[in-house]
Amino acid sequence: MILDTNALSAFVDGDAGVGDVLRSQARAAIPVIVLGEFRYGIALSTRRSSYEAWMDSHLAHFEILSVTDDTAVTYAALRVALRRSGRPIPANDAWIAALALQHRLPILTRDEHFDAVPRLDRRTW
């Protein structure tokens, strides 16, 4: 399962629902895009030191998914398809969706715009 930024944030903040979902998964992955969004958010947070401490002690338990040339091919095709359908999504979310499709993993998110992505399995908590 891939965590979107809102799922990672909820998990780090102790949301038991996210933990319940993750415990039932064989794989827990964080796209590098989500990691960047999260690090940007914590850089501006008043709780920066506690979030950074969480990252230092827990990030190793997750698989970090990097963008590759294969991801870029999937991303481009996805953006074209979504634009043609009249249902574009934010660029960072298109990268996250491309990684989910590439790795054939569901995505844990509360963002309903992921529902516009064909063949993407969106889950929530």
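Residues numbered from 1 in each chain as written. Predicted model: local features only at pLDDT ≥ 70, side-chain atom pairs only at ≥ 80, totals over all residues. Heavy atoms only, no water.

Quick notes on the overall build of the chain
- Along the backbone of the chain there are 6 helices and 5 strands.
- Against the 2.2 N^0.38 benchmark of 14 Å for 125 residues, the chain shows a C-alpha radius of gyration of 14 Å, consistent with a compact globule.
- Dimensions of the chain, computed from the C-alpha atoms along their principal axes, are close to 45 × 30 × 25 Å.
- Going through the 125 residues of the chain one by one, you find that 41% of them count as buried.
- Looking at the chain alone, contacts between residues at least 24 apart form 62% of all its contacts between residues at least 6 apart.
- On the chain, roughly 6800 Å² of surface is accessible, and the fraction owed to carbon and sulfur atoms is 51%. (Helix = DSSP H or I, 4+ residues; strand = E, 2+ residues; numbered from the N terminus. Rg over C-alpha atoms; globule rule 2.2 N^0.38 Å. Buried < 20%, exposed > 50% of the residue type's maximum accessible area, 1.4 Å probe, protein only. Contact = heavy atoms within 4.5 Å. Areas by Shrake-Rupley, 256 points an atom, 1.4 Å probe, with all protein chains shown as cover.)

Considering the pattern of salt bridges
- Taken as a whole, this structure holds 6 salt bridges when the rule is applied.
- Two residues, R23 and D20, come together in a salt bridge whose shortest N-O distance is 2.4 Å. Here R23 and its partner D20 are both found in helix α2 (residues 16-23), 3 residues apart, which amounts to about one turn of the helix.
- E52 serves as the salt-bridge partner of R48, at 2.9 Å between the closest nitrogen and oxygen. Placement of both R48 and E52 in helix α4 (residues 48-58) is noted, with a separation of 4 residues, approximately one turn of the helix. (Salt bridge = Lys/Arg side-chain N within 4 Å of Asp/Glu carboxyl O.)

Focus: the packing of helix α3 (residues 32-43) against helix α6 (residues 91-103)
- Contact pair α3 / α6: the axes reach a minimum separation of 9 Å and the direction vectors enclose 140°. Here I33, V34 and E37 of α3 come into contact with α6, specifically with N92, W95, I96 and L99. (Axes fitted to C-alpha atoms, helices over the stretch in contact; angles between N-to-C directions.)

Remarks on the nonpolar core
- Within the largest apolar cluster, 43 residues are counted, with the highest numbers of intra-cluster contacts made by I2, L8, V117 and L120.
- Broken down by element, this core gets its largest block of residues, 7 residues, from α6.
- Not counting residues up to four positions away in its chain, the partners in contact with L120 are A97, A100, L101, L105, I107 and F114. (Core = buried A, V, L, I, M, F, W, Y, C linked by side-chain atoms within 4.5 Å.)

Some details on the side chain of T5
- Residue position: T5 is located in helix α1 (residues 5-12).
- The exposure class of T5 is buried, given its relative accessible area of 15%.
- Excluding residues that lie within four positions of it along the chain, T5 makes contacts with V34, E37 and F38.

Here's the deal with a nonpolar patch on the surface
- Judged by side-chain polarity, V32, I64 and V67 come together as a nonpolar surface patch covering roughly 190 Å² of accessible area.
- Locating V67 in the fold gives a position in the loop between β3 (63-65) and α5 (69-85). (Patch = residues over 30% accessible without salt bridge, like charges linked within 9 Å, V, L, I, M, F, W, Y side chains within 5 Å.)

A look at α4
- Buried residues of α4: Y51, W54 and M55, and no others. Here the buried residues of α4 occupy an arc of 100° about the axis, which is enough to place them on one side. Opposite the packed face of α4, turned more than 90 degrees from it, sit the exposed residues S49 and D56.
- Its buried side turned inward, α4 meets α1 and α3. (Arc of directions from axis to C-beta.)

Quick look at the packing of aromatic side chains
- Throughout the structure, instances matching the rule amount to 5 aromatic pairs.
- Ring centres of F11 and W54 lie 6.0 Å apart, and the angle between their planes is 85°; this geometry places the pair in the edge-to-face category. In this pair, F11 is assigned in helix α1 and W54 in helix α4, connecting sequence segments 43 residues apart.
- Linked through ring pairs, F11, W54 and F62 together constitute an aromatic cluster. (Phe/Tyr/Trp six-rings, centres within 6.5 Å; stacked < 30°, edge-to-face > 60°.)

These values are about where atoms sit, not about what they do.
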